[in-house]
Amino acid sequence: MFEYFAEEVRAQTSIRDYLEGEKAVQTLHLVYMNLTNYFVIYPEQELNKGYGDLWMSPNFLNHPEMQYSYVVEFKYVKHDAGEAEVAAKLEEAREQLRQYAGDGRHAQAKGHTTLRYIAVVYRAWELAALEEVVL
């Protein structure tokens, strides 16, 4: 799914969109995720004294068979950033996801699903890193 979204980010954005950096990438993901009825999407939800970029809560009303729910943290670096900067942003996303995991509200809202934590780093319009953070 994130690889597909990365293709759409590349195809549907302009250089001017990257003046906003992470927000442009996050918004495109938010819009695409809201086109489905598999999840109820909560952007920038407060979680354990931080703000998770996307909380993808299972839509049990339409899909009681849902197996997974997700918390996604996006990071962004400029187009000329090196691998060290990408790695640093990936680690920052991991740390934030670990922090969010301490918030008990997800434990109730996820129901019977397995909650997965996803770190995503974009280098401008390119998907530079994608990782499930296992806690």
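Higher on the page you've got the structure.
What you are looking at is a predicted structure, and each value in this text was computed from that prediction instead of being measured.

## A look at the side chain of S57
Working step 1: Relative to the elements of secondary structure, S57 occurs in strand β2 (residues 50-58).
Working step 2: With sequence-adjacent residues up to four places away left out, S57 is seen in contact with Y38, F39, V40, Y42 and A109.

## Structural notes on the sheet that holds strand β5 (residues 126-133)
Working step 1: Strand order in the open sheet formed by 5 strands is β1-β2-β3-β4-β5, with mixed pairing between adjacent strands. Taken across any chain shown, the strands that pair with only one partner, and hence form the sheet edges, are β1 (39-47) and β5. Pairwise comparison of adjacent strand axes, ignoring direction, gives a mean angle of 25° for this sheet.
Working step 2: Here 7 bridges tie strand β4 (residues 114-123) to β5, and the two strands are oriented antiparallel to one another. Paired with A119 across the bridge in β5 is E131.
Working step 3: Of the strands in this sheet, β1, β2, β3 (68-77), β4 and β5 are in contact with helix α3 (residues 83-101), which crosses β3 at around 145°.

## Re the pattern of salt bridges
Working step 1: Counted under the stated rule, the structure contains 10 salt bridges.
Working step 2: With a closest N to O distance of 3.6 Å, R98 and E91 form a salt bridge.
Working step 3: Classification of E91 by relative accessible area gives partly exposed; the value is 31%.
Working step 4: Of the charged contacts in the structure, one is a salt bridge between R123 and E126, with a shortest N-O distance of 2.5 Å.

How each quantity is defined
Residues numbered from 1 in each chain as written. Predicted model: local features only at pLDDT ≥ 70, side-chain atom pairs only at ≥ 80, totals over all residues. Heavy atoms only, no water. Helix = DSSP H or I, 4+ residues; strand = E, 2+ residues; numbered from the N terminus. Contact = heavy atoms within 4.5 Å. Pairing = 2+ DSSP bridges. Axes fitted to C-alpha atoms, helices over the stretch in contact; angles between N-to-C directions. Salt bridge = Lys/Arg side-chain N within 4 Å of Asp/Glu carboxyl O. Buried < 20%, exposed > 50% of the residue type's maximum accessible area, 1.4 Å probe, protein only.

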